[in-house]
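Secondary and tertiary structure notes
The residues making up each chain are set out below.
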2 protein chains.
Amino acid sequence: MGNIREIAKLAGVSVSTVSRVLNNHPYVKEEKRKAVWEAVEKLNYTKNINAVHLAKGKTSIIGVVLPYVNHPYFSTIVEGISMEALQCGYHLLLFQTSYEANKEIEALEMLKMKQVDGIIICSRTIHWEWIEAYKDYGPIVLCENVKGKDMLSVYINHYQAFKLGMNYLIEKGHRKIGYCIGRTTGTNSKAREDAYYEALKQINESPRPEWIFDHCLYIEDGKRVVTSLLTMKERPTALLVSSDQVAAGIVTFAQHKGMKIPEELAILSFDNHPISEALHITTIELPLSLMGKRAFRMIYNHLESGEMTKKTEELSVHLVERLTV
Amino acid sequence: MGNIREIAKLAGVSVSTVSRVLNNHPYVKEEKRKAVWEAVEKLNYTKNINAVHLAKGKTSIIGVVLPYVNHPYFSTIVEGISMEALQCGYHLLLFQTSYEANKEIEALEMLKMKQVDGIIICSRTIHWEWIEAYKDYGPIVLCENVKGKDMLSVYINHYQAFKLGMNYLIEKGHRKIGYCIGRTTGTNSKAREDAYYEALKQINESPRPEWIFDHCLYIEDGKRVVTSLLTMKERPTALLVSSDQVAAGIVTFAQHKGMKIPEELAILSFDNHPISEALHITTIELPLSLMGKRAFRMIYNHLESGEMTKKTEELSVHLVERLTV
DNA sequence: ATAATGTATGAAACGCATTTCAATGCAATA
DNA sequence: TATTGCATTGAAATGCGTTTCATACATTAT
């Protein structure tokens, strides 16, 4: 294998010239260029990329922080980031946190240590001040509404999305509305909660804590929700469900239990993941892959152009009417 | 920020001592240790990890090569790898290839360049000789049966799994059996194909090309399969479906079209992803997360212990009887 | 008392590519 | 002919932590 100096020696040129050849810089005579490539072949040489990273002070890697890789919500974001990153010659380092604070901080530390040039935080549990403390070390994009805080962000307006959903349900005559959510903390969850309470207030309904289902992430959780509903004397007539996966679980298990949807229980969910189409679930489409792409772009602009235009970008949603409302 | 030399100067010690302190080596007087930490605080110092990587010749990063991050089959493997990697202090660099050869090769090049210490290839399109050419640069684990080739591998016995599925269908009285698969190339796909043809031969049925559906990966593809089935004068009575996602698409769309399952069409799929439980799909459980964990372990053993016991590991599957067969 | 260990610390070499600066050769413009 | 400018090339500095080797002193074993 060897290093650049051995190549230089073998090709009879200086290391600078080898570097120029390797990086396609101009001003190298064709014969020397050829000699260098031949030496590279002969020694089966490849750059040690860690030396490159050290010398350049950057890695062309960006960190992606998320709680669970195998949840479609997040894997779709990652897919978007990945596609865009590839085109720009960047790579992705994955930080699966399970919402553990120390793992999120570890990702931020990696930025400080120059392991990554930037970070995209798809979802977080640590307080945002923690994150702010790291912003001098490189661009950090949050996938949530940062509301005037001086942070980069690309986000889906979950408040608007939930409001849209609530209004749609209300229009359809529902007043007893519950909702299912992944967790109750977090900016996005708070936005949804706000929208929910506000919409209820507008129709003069008081919220029922038992109609709010936390920890709803996967299909299985939908089953849990239905089981719980079945024990209630008074049930909501409609549920806003923050994930198509959960909605799929609810719809299938409810039907299995003989519950009519949407007659007895209307379901309006979010994502517009293929599963919702298959099950004819009315859903509000979230541009997750796009959000990933835009988040990457924002990091990229920061890194390449030094500064950039937008610091925050909001993505809008739209409702896909199907058969569960 | 500064570097280790500045810390040394500020703390009044040598760089070696600083390094010792930073890495918790013994033989440093408590007072110097303290002085170093104070200097670290004062300068808000953090190691430049690229220098560490260069000096150590390793990165504690392993590359994960897969075609699509947002397919449950792969994201579940990644989840397994990630969990295990975290515990061992390793990170994951993602290579989403879309089955493009150059992207797979790029991942291998990263091993040669020492960007990653090892690679896990979840699925590939390039010829295995290509991969073999890189094995001197670090451990490479394939998630497929390498059949005696001198490569590391952790795999699910897809031949056995398909055979199991076929036998189950045959036992249930089916003779006209088709199958759906992600792609026709690839070791795993070939293993399934072999099992399929062999099982057919055992019951003296000749294969019908039109009953074999390629490019079946996502829920939407199930819809395509059903649409295609509906145009046939003679249809299979059962389908072996290589992914729960596709099976979900088939089951839901077929039922939507008024087709009775399993009476008119039996569906036996693979994965035992939650979606199959929700839809009561009979499926053969594949230990994907476990495969990811084991693949990482194998890399890890190689890196830490130098050598290791097993070079190849087979994971077995089991059938989960539900309502679609 | 002497040899053998163990503790503590620093200088210097090592891993390796990039980049700046200076210098030289040549051609084109004034 | 003198001058400006571009093409070429190499020496040396830079980025930064790890690790080996040598040194010096303090113990403990013989």
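The structure under discussion appears in the preceding block.
Attention in this report is confined to the structure presented alongside it.

Calculation rules
Residues numbered from 1 in each chain as written. Chains lettered and ligands numbered in written order. Predicted model: local features only at pLDDT ≥ 70, side-chain atom pairs only at ≥ 80, totals over all residues. Heavy atoms only, no water. Axes fitted to C-alpha atoms, helices over the stretch in contact; angles between N-to-C directions. Helix = DSSP H or I, 4+ residues; strand = E, 2+ residues; numbered from the N terminus. Parallel < 35°, antiparallel > 145°, perpendicular 65-115°, else oblique. Contact = heavy atoms within 4.5 Å. Nonpolar A, V, L, I, M, F, W, Y, C, P; charged D, E, K, R; others polar. Core = buried A, V, L, I, M, F, W, Y, C linked by side-chain atoms within 4.5 Å. Buried < 20%, exposed > 50% of the residue type's maximum accessible area, 1.4 Å probe, protein only. Pairing = 2+ DSSP bridges. Buried area = accessible area lost by both parts, 1.4 Å probe. Salt bridge = Lys/Arg side-chain N within 4 Å of Asp/Glu carboxyl O. Near = heavy atom within 4 Å. Polar contact = N/O pair within 3.5 Å; in protein donor to acceptor, adjacent residues only side chain to side chain. Least-squares fit on C-alpha atoms with pLDDT ≥ 70 in both.

1. Some thoughts on the packing of helix H2 (residues 15–22) of chain A against helix H3 (residues 30–43) of chain A
Any two packed helices are characterised by how steeply their axes cross, that is the angle between the axes, and by the distance between the axes. All names here are of chain A. Orientation of H2 relative to H3, taken along the N-to-C sense of each, is 85°, at an axis distance of 10 Å. One element, H2, and the other, H3, form an angle in the roughly perpendicular class. Along the contact surface, H2 presents Val18, Val21 and Leu22, while H3 presents Arg33, Val36, Trp37 and Val40. Looking at side-chain class alone, the contact of H2 with H3 contains six nonpolar, no polar and one charged residues.

2. Focus: the nonpolar core
By size, the foremost hydrophobic cluster in this structure holds 103 residues, and its most contacted members are Ile120(A) and Ile120(B). In this view, Ile120(B) contacts Ile62(B), Gly63(B), Val64(B), Val65(B), Ile81(B), Val141(B), Cys143(B), Ala295(B), Phe296(B) and Ile299(B); residues no more than four positions away in its chain are not counted. Counting 52 residues, the second-largest nonpolar core is a separate cluster that includes Leu265(A), Trp211(B), Phe213(B) and Met232(B).

3. Section: the pairing of strand E11 (residues 312–315) of chain B
Along a regular strand, successive side chains alternate from one face of the sheet to the other. Residues and elements named next belong to chain B. Judged by which residues are buried, E11 turns out to be one-sided: Glu313 and Leu315 face inward and are buried, whereas Thr312 and Glu314, on the alternate face, are not. In this structure, strand E5 (residues 152–156) lies alongside E11, joined through four bridges in parallel fashion. Each bridged residue has a counterpart across the sheet, and for Ser153 the counterpart in E11 is Thr312.

4. Regarding the interface of chain A and chain B
One frequent convention defines the size of an interface as the accessible area lost when the parts assemble. On the side of chain B, 49 residues touch chain A, which itself brings 49 residues to the contact. Summed over both sides, the interface between chain A and chain B buries roughly 4,500 Å², with carbon and sulfur atoms accounting for 62% of that surface. Area buried by chain A at its contact with chain B is led by Asn50(A), His91(A) and Met113(A), which between them contribute 13% of it. Linking chain A with chain B are two salt bridges.

5. Focus on the protein's contact with DNA strand C
Around DNA strand C sit 25 residues, and of these Ile4(A), Tyr45(A), Thr17(B), Tyr27(B) and Lys29(B) come closest. Counting only atoms of DNA strand C within 4 Å of the protein, the fraction found in sugar and phosphate groups is 60%. Ser16(B) places a side-chain nitrogen or oxygen 2.8 Å from a base nitrogen of DNA strand C. Elements supplying a minimum of two residues to the surface near DNA strand C: helix H1 (4–11), H2 and helix H4 (49–56) of chain A together with helix H2 (15–22) and helix H4 (49–56) of chain B. For the surface near DNA strand C, the leading source of residues is H2(B), giving four residues. For the surface near DNA strand C, a count of residues per class yields 12 nonpolar, eight polar and five charged.

6. As for the relation of the copies chain A and chain B
The operation linking the two copies of the chain is a rotation about an axis combined with a translation along the axis. By a simple turn and slide, chain A fits onto chain B: the slide is 0.1 Å along the axis, the RMSD is 0.1 Å, and the turn is 180°. What we have between these two chains is a two-fold relation. Among all residues of chain A, the minimum C-alpha distance to the rotation axis is found for Leu93(A), at 2.3 Å. When you check the interface residues of chain A against chain B, 100% turn up at the interface there too, and the contact is symmetric in its surfaces.

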